[in-house]
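# Tertiary structure, described
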Amino acid sequence: MNTIYSIRRTALIEHLKEENICCAMISNPTNVFYYTGFNSDPHERFMALFINVQTNEEFLFVPALDKEAAEKAADISTIIPISDIEVPFEIVKKTIGDLTIRLGIEGKAISYNQYIDLKFYFPSLELTDIQPFINTQRMKKSKVEIAALTNALKIIEEVLAKGINKVKVGMTEVELVAELEFLMRKCGADAPSFSTIVLSGEKAALPHGTPGDRKIQNGDFLLIDFGVLKDGYCSDITRTFAINSFSERQKELYDIVLQANEAGIDAVKAGVPLKTFDLAARNVIEEQGYGAYFNNRIGHGLGIEVHEEPSVHGKNDTLATEGIVFTIEPGIYIPNDIGIRIEDTVYINEQGEVEVLSTFPKQLQII
């Protein structure tokens, strides 16, 4: 029976045949999960899926301590364990024989040391990068993936709704991080999808600042950017709140970011360059005189990884297509003063219609 994983591998194999690539080594753990269903972080150990187009063989090499888990989860019949005292590519060569062909690799995944080992054990190999095809394949999300992403978003929005009730004047940013990450587990998350960002007052002007011992104060803007991992898929959301009160200037800046967020979303449609969405949002901020304080892209793809293709920036001429999921997250960041970001997740469905998957309210809330 064909599974979602075997269908994905079949598409990859067709690409390999078209490009006269005889074998592929998939070593990025997120791609191993995408093609096999086995989701694991091998840390410093070797893990890779080998697909040999010529012999129609598929091998999943895993750390020996993961063998049982891989046998239960992976949609691959041949699992090869590698112990900590074994040399990975020596085991690979013993298993699949000598390779004197074009080997497809992920250019962003293979390390220099792995390259050296590959060339030592397979000196006649010609390496070619299949990362662009994999990125394109992963960008088009299936209904199963959309359901998983939506579930991860549902969890993080539940965490946010409960978490803002934990906020107290005088608590530190890291204390709130602890409360939020505890709630993630209570609400069913497998893990945070990235390090939780909680920034208050002038620290919110650091787009990817680190939570610390700064205490939350009356009149602060509080920026919360976080997400969860659930069943292999990530969520990512940002909201900015006012602590007990806000000034006219804070409200004015917040409304500019909100208008930019909505302009970016309104611009989303299939068949136009991705840069269109960035420019639509950016123009709102620039027209109000704050363009210098928004110097990052408008968004990024979301899926198995919290940052994946596509990159939605002002010079990306790639056309938006059905099936892609990405964030729209404009902001204004005035150093040592104030920071605001509002982030939503957008999906262009199979009919070319735009769906905003995040549902948490965006109007400025006092907490």
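The coordinates are above.
Residues numbered from 1 in each chain as written. Predicted model: local features only at pLDDT ≥ 70, side-chain atom pairs only at ≥ 80, totals over all residues. Heavy atoms only, no water.

### Some thoughts on the packing of aromatic side chains
Applying the stated criterion across every chain yields a total of ten aromatic pairs. When the ring of Tyr34 is compared with that of Tyr35, the centres are 5.1 Å apart and the planes differ by 80 degrees; the resulting orientation is edge-to-face. Like Tyr34, the residue Tyr35 is buried in the burial classification. Ring centres of Phe50 and Phe61 lie 5.5 Å apart, and the angle between their planes is 85 degrees; on these two criteria the pair is classed as edge-to-face. In this pair, Phe50 is assigned in strand S2 (residues 48-52) and Phe61 in strand S3 (residues 57-63), connecting sequence segments eleven residues apart. Note on Phe50: relative accessible area 2%, which makes it buried. The exposure class of Phe61 is buried, given its relative accessible area of 0%. An aromatic cluster of at least three residues, connected via ring pairs, comprises Phe50, Phe59 and Phe61. The side chain of Arg8 reaches across the aromatic face of Tyr34, ending 4.1 Å from its centre. (Phe/Tyr/Trp six-rings, centres within 6.5 Å; stacked < 30°, edge-to-face > 60°. Buried < 20%, exposed > 50% of the residue type's maximum accessible area, 1.4 Å probe, protein only. Helix = DSSP H or I, 4+ residues; strand = E, 2+ residues; numbered from the N terminus. Lys NZ or Arg CZ within 6 Å of the ring centre and 35° of its normal.)

### Thoughts on the pattern of salt bridges
Here the structure, examined in full by the defined rule, presents 26 salt bridges. Salt-bridge contacts for Arg214 lead to Asp220; the nearest nitrogen and oxygen are separated by 2.8 Å. Both residues of the pair, Arg214 and Asp220, belong to the buried class. One salt bridge connects Asp337 with Arg249, and the closest N-O pair in it is separated by 2.7 Å. Placement of the pair is Asp337 in the loop between strand S16 (331-334) and strand S17 (338-341) and Arg249 in helix H9 (residues 248-267), with a sequence separation of 88 residues. Owing to a relative accessible area of 33%, Asp337 belongs among the partly exposed residues under this scheme. In this structure Arg249 comes out as partly exposed when scored by relative accessible area, which is 39%. Linked by salt bridges that have partners in common, Arg138, Lys141, Glu305 and Glu308 make up one network. (Salt bridge = Lys/Arg side-chain N within 4 Å of Asp/Glu carboxyl O.)

### A word on the environment of Tyr121
Positionally, Tyr121 belongs in helix H5 (residues 112-121). On the accessibility criterion, Tyr121 (16% relative accessible area) is buried. For the pair Tyr121 and Cys234, spaced 113 residues apart in sequence, the C-alpha to C-alpha distance is 37 Å. Once residues lying within four places of it in the same chain are set aside, the contact partners of Tyr121 are Val87, Phe89, Glu90, Lys93 and Asp98. Side-chain polar atoms of Tyr121 contact the side chain of Glu90, separated by 3.5 Å. (Contact = heavy atoms within 4.5 Å. Polar contact = N/O pair within 3.5 Å; in protein donor to acceptor, adjacent residues only side chain to side chain.)

### Re helix H7 (residues 143-163)
In this model H7 runs 30 Å from its N-terminal to its C-terminal C-alpha over 21 residues, within 8% of the 30 Å that 1.5 Å per residue would give. Within H7 the residues assigned to the buried category are Glu145, Ile146, Ala148, Leu149, Ala152, Leu153, Ile155, Ile156, Glu157, Val159, Leu160 and Gly163. (Expected span 1.5 Å × (residues − 1).)

### A word on the environment of Ile340
Mapped onto the elements of the fold, Ile340 is located in strand S17. Judged by relative accessible area, which is 0%, Ile340 ranks as buried. In this structure, Ile340 is in contact with Phe221, Leu223, Thr240, Gln250, Leu253, Tyr254, Val257, Pro330, Gly331, Ile332 and Tyr333, ignoring residues within four places of it in sequence.

### Quick look at the packing of helix H4 (residues 88-96) against H5
Two elements in contact, H4 and H5, have axes separated by 10 Å at closest approach and are oriented at 40 degrees. Relative to H5, the element H4 is oriented oblique. The handedness of the crossing between H4 and H5 comes out as right-handed. The segment H4 lies against H5, with Phe89, Glu90 and Lys93 engaging Gln114, Asp117, Leu118 and Tyr121. Looking at the contact of H4 with H5 residue by residue, the classes come out as three nonpolar, one polar and three charged. (Axes fitted to C-alpha atoms, helices over the stretch in contact; angles between N-to-C directions. Parallel < 35°, antiparallel > 145°, perpendicular 65-115°, else oblique. Left-handed = near helix turned anticlockwise from the far one by under 90°. Nonpolar A, V, L, I, M, F, W, Y, C, P; charged D, E, K, R; others polar.)

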